[in-house]
Amino acid sequence: MLNKNSDINIYKKSHRTTINVDESEFNEYYQSLTTNTNYFKNNIHLFTIAALIGKFIIKERKPIEKQNTYFRYADNASTDEMQILKALAIMEVDDINILIDHDEMFKICEEYARTGIKQLFKWYNDKNIDFNVELLTIINNFYKNDK
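I will try to describe carefully the structure that is included in this document. (Residues numbered from 1 in each chain as written. Predicted model: local features only at pLDDT ≥ 70, side-chain atom pairs only at ≥ 80, totals over all residues. Heavy atoms only, no water.)

Turning next to the overall build of the protein chain. Check the secondary structure of the protein chain and you find 6 helices and 2 strands. Written out in order from the N terminus, the α and β elements of the protein chain read β-α-α-β-α-α-α-α. Taken over the C-alpha atoms alone, the protein chain extends approximately 50 × 40 × 25 Å along its principal axes. When each of the 147 residues of the protein chain is scored for burial, the buried share is 43%. Counting only carbon and sulfur atoms, one obtains 49% of the accessible surface of the protein chain, whose full area is about 8,500 Å². Across the protein chain, 19 positive and 22 negative side-chain charges occur, with their mean positions spaced 1 Å apart. (Helix = DSSP H or I, 4+ residues; strand = E, 2+ residues; numbered from the N terminus. Buried < 20%, exposed > 50% of the residue type's maximum accessible area, 1.4 Å probe, protein only. Areas by Shrake-Rupley, 256 points an atom, 1.4 Å probe, with all protein chains shown as cover. Lys, Arg positive; Asp, Glu negative; His and termini not counted. Charge placed at Lys NZ, Arg CZ, Asp CG, Glu CD.)

Okay, here's the thing in structure tokens:
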């Protein structure tokens, strides 16, 4: 499918070697959640959850101000998480051609992850909620709303 507004593919072919997070959030959020918890099996797992929270719960993107490399694309190209991130980008622009433009595709994911990681970290540090229950409730609510 081409862009709805045109019969011309608006995306340029680009290849990314890395997926980035904002440098100001790397240690406080990403490092803390991967180092101090057992909830996330690796960096792409945490990033994907953060991007999904940004897209479906916060519903807001925020541009990265100063990039910090978080993981390599090539090392994760065939993972389930990468397929989810690609689907998120397609859903955002409603155009499968986004897949040829890694810069734009991952920019979308990075910007959603930026808002999602803050919420995820907030839930993790909120002593009034059970983090496990919160994550399970979110997943359950998505399942119920999808029917």
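Look at helix α1 (residues 23–35) against helix α2 (residues 43–58): their axes get within 10 Å of each other, and the N-to-C directions meet at 125°. Classified by the angle their axes make, α1 and α2 are oblique. Between α1 and α2 the crossing geometry is right-handed. Along its contact with α1, which presents Y30, L33 and T34, the element α2 presents N43, L46, F47 and A50. Looking at the contact of α1 with α2, its residues break down into 5 nonpolar, 2 polar and no charged. (Axes fitted to C-alpha atoms, helices over the stretch in contact; angles between N-to-C directions. Parallel < 35°, antiparallel > 145°, perpendicular 65-115°, else oblique. Left-handed = near helix turned anticlockwise from the far one by under 90°. Contact = heavy atoms within 4.5 Å. Nonpolar A, V, L, I, M, F, W, Y, C, P; charged D, E, K, R; others polar.)

Right, let's get into the pattern of salt bridges. Considering all chains together, one arrives at 12 salt bridges under this definition. Several salt bridges converge on common partners, so that one network encompasses D22, E25, E65, R114 and K118. (Salt bridge = Lys/Arg side-chain N within 4 Å of Asp/Glu carboxyl O.)

Moving on: the pairing of strand β1 (residues 18–22). Judged by how many residues are buried, β1 sits mostly within the fold: 5 of 5 residues are covered. Pairing between β1 and strand β2 (residues 67–72): 5 bridges, direction antiparallel. In the strand pairing of β2, N20 is matched with T69. (Pairing = 2+ DSSP bridges.)

The end-to-end C-alpha separation of helix α5 (residues 102–125) is 33 Å, in line with the 34 Å expected for 24 residues at 1.5 Å each. Of all bends in α5, the biggest is about 25°, found at R114. Most of α5 sits out of view: 17 of its 24 residues are buried. (Expected span 1.5 Å × (residues − 1). Bend = angle between axes of the 7 residues up to and from the residue.)

Let us now look at the packing of aromatic side chains. Evaluated as defined, the whole model comprises 10 aromatic pairs. An angle of 70° between the planes, with centres 4.9 Å apart, marks the rings of Y29 and F121 as edge-to-face. Here F121 lies in helix α5 and Y29 lies in helix α1, a separation of 92 residues in the sequence. Residue class for Y29 comes out buried when judged on its relative accessible area of 13%. (Phe/Tyr/Trp six-rings, centres within 6.5 Å; stacked < 30°, edge-to-face > 60°.)

A separate point is the side chain of R114. Examined against the element boundaries, R114 turns out to sit in helix α5. There is a polar contact of 2.4 Å between the side chain of R114 and the backbone oxygen of P63. (Polar contact = N/O pair within 3.5 Å; in protein donor to acceptor, adjacent residues only side chain to side chain.)

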